[in-house]
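The primary structure of each chain is shown beneath.
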Amino acid sequence: MEAENQIQVDLGHLLAFDPYHHFASPPKSREDLVTECLRAGTKLVQAITDGLFNLSATEAIEGPLVKLPKPTTRLPREKHLPRPKPPTKWEMFAKSKGIQKRKKNKVLWDEQTDSWKRSYGYDRVNDDADVPIIEAKMTDEPGSDPFAKRKEEKKKRVEKTEKNRLQNLKQAAKVGALPSHVQLAATALPITGTQAAPKKITKDELGNVAGLAATATASGGKFDKKVAGEKAVKHQGKHRKFLPAAEGSGMGNREKEQTDKVLSKLMARNSHEILNVGKAVSMYNVKKQRDGRNQKGRSSFDSSSKLKPNGKPMKGDKKSPYQKSRKGGSHGGGASRKGKVD
Amino acid sequence: MMKINTPKKKRVLRELEKRAPKLVETGKKTLILQGLKTSNVLNSVLKEIYHLKRDSAVRYTRKNDNIRPFESGGETSLEFFSQKTDCSIFVYGNTSKKRPDNIIIGRTYDHQIYDLVEVGVENFKPMESFKYDKKLAPQVGSKPFITFAGEGFESIDELKHLKEVLLDLFRGEVVESLSLVGLDRVYVITAVSSDRVFLTHCAVRLKKSGSVVPRIELVEVGPSMDLVVRRHRLPNESLRKEAMRISTDGLKKKIKNVVGDSIQGKVGKIYMPDQKVSSSGILDRVVTYCQVLNTKLFW
């Protein structure tokens with residue numbers, strides 16, 4: 001009987017579980033099911049309150065306050081356990097040298113003002129920047145400002161500490177233990193390879209750029225206000241000439257000239273690819289006529305292509321699509337054959 | 001080149017610290033959202049769950065069509081929302097012909113999906129349909145009793161998983177001490193068959209009984225529904241091990257003001273309040289006493 005009545009109670013979660021509950025008979029209707037479930041629920045809640053009210057209670061304003069025990073059912077966490085921070089560079093150094101942390105006072109006695117002043121922050125004791133007179137040393141150069149020098153040194157110190165802090169945070173971020181309120185953001189894209197030195201602009205380059213800017217205006221930089229000491233623009237005037245909008249079409253037609261110039265340039269550049277078919281045909285015909293006339297009067301050797309100095313075909317002898325068939329041609333026959341071998 | 005960004009406002013700093021991982025966790029926030037198609041039943045179910053968990057839940061009312069938790073690519077949206085709202089349990093409702101009135105309850109670990117349970121809702125009765133004495137109505141945010149009854153919760157895998165997920169969903173804030181006056185609600189969950197679970201929300205009435213322990217009476221107030229388990233996905237072993245880790249560092253209490261245990265033994269400092277010796281008149285009395293002594297000695 002006792003084993004049957006074992007209800008698992010977890011007070012930490014206010015949870016009760018009855019693993020032995022079953023329906024004696026399948027419930028006939030919905031209401032039966034509900035009442036049966038409520039009965040089981042009541043039994044379980046009673047078991048929890050039995051345990052709860054027997055805990056030692058302290059009196060609070062609203063009523064008895066009870067300290068809950070730790071829950072027995074384990075539930076998964078929602079986030080990972082906080083990772084320990086890796087030691088900073090200073091901490092590692094201090095550990096290796098055995099340097100102990102010393103407790104510093106927040107306020108210190110200031111002799112000059114006879115008061116307690118902060119050791120850091122606004123209105124602090126022994127502030128480096130508040131000194132009114134700095135005595136000159138023998139090693140000082142004349143004309144150097146010791147106050148400015150002190151400021152510079154402080155700036156350098158601050159930069160160094162910031163750099164060290166960044167390095168420490170980067171180390172922590174590598175392990176995954178960055179503090180929750182800190183984010184590291186990249187300010188510039190990483191430069192692969194060696195870091196490029198910043199380019200120094202020469203006087204000439206600067207002048208060129210200034211000139212460019214000046215002539216970019218519509219009036220070509222003629223009416224720009226000049227700074228004292230600025231020299232005149234090197235290539236003054238407009239760099240582009242626009243043709244008039246309306247012009248007659250005659251001999252001096254500049255637009256026609258322009259387009260003709262462009263066309264001739266194009267043709268000249270690509271002339272080796274262009275085949276002037278009509279010209280090739282007429283050249284071929286003329287050559288053939290000439291050869292035919294010559295063939296009647298000359299020996300074969302002179303005109304054989306094999307004895308020519310280069311052995312190259314003559315310039316006009318291109319294979320013409322309009323080539324006449326040689327068979328049964330009027331100039332056929334004869335032992336020697338003239339012209340290139342096709 | 002890197003830059004250190006710290007929040008410029010204290011409010012932002014407080015929010016960030018709330019979201020940072022803690023040694024002992026104090027309760028998960030719930031995200032309630034829906035898919036492309038929802039039925040009336042589903043709408044009211046999601047609304048009621050939101051009302052039950054008012055302070056620790058976020059409800060999204062827009063339709064999301066790219067959330068498919070059981071598919072490998074369909075979890076990215078959920079993980080993004082979990083990151084954005086800092087919620088580690090989500091309740092996603094969707095209706096389709098194959099799975100009518102479907103709810104997927106899932107948990108996340110480190111904003112990655114940890115496990116999922118898919119249940120169908122049947123025989124849903126909303127809060128308005130229950131008639132009861134208004135004085136018994138449970139308060140928002142009170143810590144509930146949670147009861148499970150049925151052998152199925154121990155023997156069947158899906159029901160065991162569902163039990164764990166429902167416990168995580170319904171338990172309130174994790175607190176160390178509890179006021180016994182504020183116990184007013186209970187979730188009664190019964191395993192009806194091998195895949196069906198009956199869930200109802202009741203108010204608790206503590207009645208006088210002979211002993212210190214009061215007699216319990218349950219009154220049904222809240223939504224009641226049948227949950228039919230459809231699919232579930234358990235977490236993979238390594239993730240489960242990592243999520244269940246407990247750290248013992250935080251359990252040691254920090255003892256202040258005690259130093260030097262080795263040779264001297266325990267040494268502590270006692271701080272006395274400022275004894276105003278000069279103004280209390282004791283010095284005058286001492287002086288007078290010495291004068292009297294002096295006169296007595298020399299005379």
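For the structure itself, look to the data block above.
Residue indices follow the written sequence of each chain, beginning from 1 at its first position. Note on labels: chains are lettered from A, ligands numbered from 1, in written order. Where local features are concerned, this predicted model is filtered to residues with pLDDT of at least 70; where side-chain atom pairs are given and counted, the filter is 80 or more; whole-chain, interface and lining totals use all residues. Note that the side-chain values use all heavy atoms of the structure and ignore hydrogens as well as water.

What follows concerns empty space enclosed by the protein. Residue and element names in this part refer to chain B. Both cavities and pockets are sets of points on a 1 Å grid over the protein atoms alone; in a cavity a 1.4 Å probe fits but cannot get out, in a pocket the set is open with protein on both sides within 12 Å along at least five of seven lines, and lining residues sit with an atom within 4 Å of a point. Grid points are joined across faces, edges and corners, and a volume is the space filled by probe spheres set on the points. On inspection of all chains with the given rule, the structure shows four cavities of 30 Å³ or more. Here the largest cavity defines a volume of roughly 80 Å³. Helix and strand assignments follow DSSP, with helices taken as H or I runs no shorter than four residues and strands as E runs no shorter than two, numbered in order from the N terminus. Those elements that place two or more of their residues in the lining of the largest cavity are strand E5 (102–109), helix H5 (157–170) and strand E11 (215–233). Looking at which element gives the most residues to the lining of the largest cavity, the answer is H5, with three residues. When residues are sorted by character, Ala, Val, Leu, Ile, Met, Phe, Trp, Tyr, Cys and Pro go into the nonpolar class, Asp, Glu, Lys and Arg into the charged class, and all the rest, Gly among them, into the polar class. Classifying every residue of the lining of the largest cavity by side-chain character gives 10 nonpolar, no polar and no charged. Approximately 40 Å³ is the volume attributed to the second largest cavity.

On the side of chain A, 61 residues touch chain B, which itself brings 73 residues to the contact. Area buried by chain B at its contact with chain A is led by B:Met2, B:Ile4 and B:Leu180, which between them contribute 11% of it. Salt bridge criterion: a side-chain nitrogen from Lys or Arg within 4 Å of a carboxyl oxygen from Asp or Glu. Between chain B and chain A we count three salt bridges in total. Here A:Arg30 makes a salt bridge to B:Asp226, at a shortest N to O gap of 3.0 Å. Definition of a polar contact: a pair of N or O atoms within 3.5 Å, with one able to donate and the other able to accept a hydrogen when the atoms are protein atoms, and with sequence-neighbouring residues admitted only if both atoms are side-chain atoms. Across the chain B-chain A interface, the total number found is 28 residue pairs in polar contact (both at pLDDT 80 or more). Among the residues forming the side of chain B that touches chain A, the class breakdown is 38 nonpolar, 14 polar and 21 charged. Relative to strand E7 (residues 145–149) of chain B, strand E2 (residues 15–18) of chain A runs parallel, the two being bridged by four bridges. If you follow A:Leu15 over to E7(B), its bridge partner there is B:Ile146. It only takes one pair of heavy atoms within 4.5 Å for two residues to be counted as in contact. Here the quantity called buried area is the accessible surface, traced with a 1.4 Å probe, that two parts lose on coming together, added over both. Note: two strands are recorded as paired if DSSP finds a minimum of 2 bridges between them.

The next thing to look at is the sheet that holds strand E3 (residues 57–59) of chain A. Within a beta sheet, neighbouring strands are joined by backbone hydrogen bonds and run either parallel or antiparallel to one another. Here we have three strands laid out as an open sheet, ordered E3(A)-E4(A)-E8(B), and antiparallel in their pairing. One side of each edge strand has no neighbouring strand; the edge strands of this open sheet are E3 of chain A together with strand E8 (177–179) of chain B. Taken over all neighbouring pairs, the strand axes of this sheet differ in orientation by 30° on average, direction set aside. Here strand E4 (residues 64–67) of chain A pairs with E8(B) via three bridges, running antiparallel. Across the sheet, the residue bridging to A:Val66 is B:Leu178, located in E8(B). Fitting a line to C-alpha atoms yields each axis, with helices limited to the stretch in contact; the angle taken between N-to-C directions then spans 0 to 180 degrees.

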